[in-house]
Each structure stands twice: as C-alpha cells, then as structure tokens.
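Coordinate analysis (summary)
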Amino acid sequence: YRYKLPNAFRVPCFEAAEACSAGETRLGQPASVCNGLGHTNCAGGSKILNPFGEDLRANGFKWSAICDLDSDGDGLTNGEELG
C-alpha cells in the first residue's frame, strides 16, 4: 500500500523502532527508513497494525478517506505528516 500513499517511501523510523532500513539520501529518504508504514514493526508484513494502519484498513485503504484524520493523535493530520 505504500505506493498508494504520498511520501510513504520517506517515512523515518521512530525512536526504538525495530527492523529499520538504511535510507537512500539521493532519493530524498532519511538516513533510517520505516518500510512498515501502518504496522507496529518497520519491517511491515505483520498482521499487527498501528493506529494509522487500522484507520487505513477501516476506510478501505483509501488515502482520501484518512488524509484529514490524526491517526497517531499528535495534533497533525495524516495529510500534514505525509503530504
């Protein structure tokens, strides 16, 4: 689903994240990339979803349906965070 979300290949790993990948700065990625956007683990592929992943699934995996939500409760919409 990362191909359907803006900037999904540029999501930095959060502090203490597991399974981060080295980013490619020439592609505009941060030094450490989280490939598991929507999952609790940056490797992805798990059935355990984080709040963003839960919102994405609950809304038919449509970006337009969750762009204005604040899935992680930090005061910024998903659109503000991903673009």
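Notes on the structure in this doc start here. (Residues numbered from 1 in each chain as written. Predicted model: local features only at pLDDT ≥ 70, side-chain atom pairs only at ≥ 80, totals over all residues. Heavy atoms only, no water.)

**Here's the deal with the pattern of salt bridges**
Throughout the structure, instances matching the rule amount to two salt bridges. Arginine 26 serves as the salt-bridge partner of glutamate 24, at 2.9 Å between the closest nitrogen and oxygen. Residue arginine 26 is classed as exposed on the basis of its relative accessible area of 69%. The salt bridge involving arginine 57 is made with glutamate 54; its shortest N-O contact spans 2.8 Å. One end of the pair, arginine 57, and the other, glutamate 54, are both in helix H1 (residues 51-58), three residues apart, so they sit about a helical turn from each other. Classification of arginine 57 as partly exposed rests on a relative accessible area of 42%. Residue glutamate 54 is classed as partly exposed on the basis of its relative accessible area, which comes to 34%. (Salt bridge = Lys/Arg side-chain N within 4 Å of Asp/Glu carboxyl O. Buried < 20%, exposed > 50% of the residue type's maximum accessible area, 1.4 Å probe, protein only. Helix = DSSP H or I, 4+ residues; strand = E, 2+ residues; numbered from the N terminus.)

**Side note on a negative patch on the surface**
Together, Asp68, Asp70, Asp72, Asp74, Glu80 and Glu81 make up a negatively charged patch on the protein surface. Mapped onto the elements, glutamate 81 comes out in helix H3 (residues 78-82). Here glutamate 81 falls in the partly exposed class, since its relative accessible area comes to 38%. (Patch = residues over 30% accessible without salt bridge, like charges linked within 9 Å, V, L, I, M, F, W, Y side chains within 5 Å. Areas by Shrake-Rupley, 256 points an atom, 1.4 Å probe, with all protein chains shown as cover. Lys, Arg positive; Asp, Glu negative; His and termini not counted. Charge placed at Lys NZ, Arg CZ, Asp CG, Glu CD.)

**What to know about the packing of aromatic side chains**
If you walk through the whole model with that rule in mind, you get two aromatic pairs. Relative to phenylalanine 61, the ring of tyrosine 1 lies with its centre 4.3 Å away and its plane at 10 degrees, an arrangement referred to as stacked. A residue pair is termed long-range when its members are at least 10 positions apart, and tyrosine 1 in the segment before strand S1 (21-22) and phenylalanine 61 in the loop between H1 and helix H2 (63-66) qualify at 60 residues. On the basis of relative accessibility, which here comes to 56%, the residue tyrosine 1 falls in the exposed class. (Phe/Tyr/Trp six-rings, centres within 6.5 Å; stacked < 30°, edge-to-face > 60°.)

**Notes on the side chain of arginine 2**
Residue position: arginine 2 is located in the segment before S1. No salt bridge is formed by the buried arginine 2; its nearest oppositely charged neighbour, glutamate 24, is found at 10.0 Å. In terms of polar contacts, arginine 2 uses its side chain to reach the side chain of asparagine 35, at 2.8 Å. Apart from the residues lying within four places of it in its own chain, the contact partners of arginine 2 are Ala8, Phe9, Cys34, Asn35 and Leu37. (Polar contact = N/O pair within 3.5 Å; in protein donor to acceptor, adjacent residues only side chain to side chain. Contact = heavy atoms within 4.5 Å.)

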